[in-house]
Each structure stands twice: as structure tokens, then as C-alpha cells.
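Descriptive structure summary
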Amino acid sequence: MDEFKEEEIESILYIGREVSVYKIPPLKKNEGHRAQEWGDLGNPLWKGRLRIIERSSGVSIQFEDSTTVFAKADYDPAKPSVEAVLDSSRYFVVRVEDSGSGRRAYIGMGFLERTDSFDFNVALQDYTKRWRARMNPSEAPSDQPSPHIPAGPKKDYTLKEGQTFSISIPGRAKQSSTIPAAPNLLGGSSGSSGLSSGSGGIPALLPPPPSAPRKR
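Here's a quick rundown of the structure.

What counts and how
- Per-chain numbering applies: the sequence of each chain, read as written, is numbered from 1 onward.
- Local features in this predicted model are restricted to residues of pLDDT 70 or higher, and side-chain atom pairs are both shown and tallied only at a pLDDT of 80 or more, whereas totals for entire chains, interfaces and linings draw on every residue.
- As a convention, hydrogens and water are excluded, and side-chain values are obtained from all of the structure's heavy atoms.
- Paired strands are those between which DSSP finds at least two bridges.
- A helix here means a DSSP run of H or I that spans at least four residues, while a strand means a run of E at least two residues long, and both kinds are numbered starting from the N terminus.
- Only protein chains enter the accessibility calculation, which uses a 1.4 Å probe; a residue is then buried when its area is under 20% of its type maximum, exposed when over 50%, and partly exposed in between.
- By definition in these notes, contact holds between two residues if any of their heavy atoms fall within 4.5 Å.
- Polar contact is the term for a pair of N or O atoms within 3.5 Å; when the atoms are in protein, one must be able to donate a hydrogen and the other to accept it, and sequence-neighboring residues count only if both atoms are side-chain atoms.
- Here the aromatic set is Phe, Tyr and Trp, taking the six-membered ring for Trp, and pairing holds for ring centres within 6.5 Å; pairs whose planes are under 30 degrees apart are stacked, those over 60 apart are edge-to-face, and all others are tilted.

Here's the deal with the pairing of strand β1 (residues 11-23)
Where β1 and strand β2 (residues 46-55) come together, 8 bridges link them in antiparallel fashion. Residue Ser-11 lies in a different strand from β2, and its bridge partner there is Glu-54. Relative to strand β7 (residues 104-111), β1 is paired through 5 bridges, and the arrangement is antiparallel. Residue pairing for β7: Ser-20 is matched across the bridge by Gly-110.

Comments concerning the environment of Glu-64
Looking at where Glu-64 falls in the secondary structure, it is placed in strand β3 (residues 58-64). In this structure Glu-64 comes out as buried when scored by relative accessible area, which is 4%. As a C-alpha pair, Glu-64 and Leu-50 span 14 residues in sequence and 6.3 Å in three-dimensional space. In this view, Glu-64 contacts Trp-46, Gly-48, Arg-49, Arg-51, Val-69 and Phe-70; residues no more than four positions away in its chain are not counted. A polar contact is formed between the side chain of Glu-64 and the side chain of Arg-51, at a distance of 2.6 Å.

Looking at the side chain of Gln-62
Checked against the element boundaries, Gln-62 lands in strand β3. Its relative accessible area of 9% is what places Gln-62 among the buried residues. Side chain to side chain, Gln-62 and Glu-64 meet in a polar contact 2.7 Å long. Not counting residues up to four positions away in its chain, the partners in contact with Gln-62 are Arg-49, Leu-50, Arg-51, Ile-53, Arg-55, Val-69, Ala-71 and Lys-72.

Thoughts on the packing of aromatic side chains
This model, assessed by the stated rule, comprises 11 aromatic pairs. Seen from their ring centres, Trp-38 and Tyr-91 are 5.9 Å apart, and the 85 degrees between their planes marks the pair as edge-to-face. In this pair, Trp-38 is assigned in the loop between β1 and β2 and Tyr-91 in strand β6 (residues 91-97), connecting sequence segments 53 residues apart. The burial state of Trp-38 is the same as that of Tyr-91; both residues are buried. With a centroid separation of 5.4 Å and 45 degrees between ring planes, the pair formed by Phe-111 and Phe-120 is classed as tilted.

Printed below as a string of C-alpha cells:
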């Protein structure tokens, strides 16, 4: 039954709030289009909104205002219907098609700001990437683990309750517990044995000589 038929879901990939459409001359050479050859860019043929709409059947670029659809272009990444001009990043040439008669025509399109044309390009590029991944699933990145990672269950290296570990730092030896005693300034030693000059140690210091008597 038609009343129970599911409606086709639409996804809006991009909306251009203000777009200008121009009538362009035929392409004389195979070097591409130039916006400066379209005449007065301040006097377009039409102004309105642009939307990129994705459906299950594909993607279309739609020029519309509040009441009517001015033109429509089906976008196929295999044979794109949008071409950038050579002398500006804000202007494009679009191949539109009449759904009733099937006639095709080329129109010029321009944005007010470069940011709008950039977002328009990004929306088409993102869809093209998804379309290529759908058409060539083998080229899409897989979720399989890398062959460089060893297979097998992961080991649990977390410490259980009550477990400890020690770290040994190489190059740090334990200091000797026996420290030589410092010599006594009065000739003795603070340790159990004194040091003599004959043994290669520090010689004992002699007491200072008595001071001379003062003259009266």
C-alpha cells in the first residue's frame, strides 16, 4: 500500500544563504571558464538559496527561493557537474538539467564570501569520499588489528592487593659503612687508631708554640 510506504529520507549537506546565478558564454577554448568573461558580476541573472541534498538515490544541488526551484543539478562524483573557474575561488560553473525535458545547460554561480565557497567545496568532497568508500569497499580502512601487533590475549600487569615491586637503578653502588675518622687537631684521632705521616695519611698537628713574654 502506498500509504504505508516509507518516505525517502533527505539529508542537507550544505546551505548557501545567498548565491548569484549568471548566464555564461559558450566555452571557446578547452582551458576552462573565467568569471571576468561573464559581464557585470554585480547584476546576476538570479539570486537565491542553494542547498546540497542527499537522498538514497544520490545527491543534488538545488537553486531555490521561498516558493520555487530555479534550477537543479544532480551531482555524480564519477562525472562531476561542478567546475571551478580559473580566476576566482568564489565562482563555479554548474551543469543543470531540466527534469521534464532532459535538456542540459551551463550556468555560472558565485558566492559573496570565500568561506561560503570553501564550505561548498568541503561538502562535495566529503560526499565524494563516502561515495568512493561505498563503491570500493576493499579500499576503505578496515577495523582489523595491525599485523605488527602480536596476537593473543592481553596480559594484566596491574598490581594485586598487597603486592609490591622494587626498582634497581644501575650505576648506584652502596656506600661503605666504614667512614675514616677525622684527625684530631690536638694530635690525636677521633677514631680508635690515629693516622701517621709514615703510613701515607694526614700528619698529626702539633700544638702552637708558647707566646713570647711582653716587654714592660
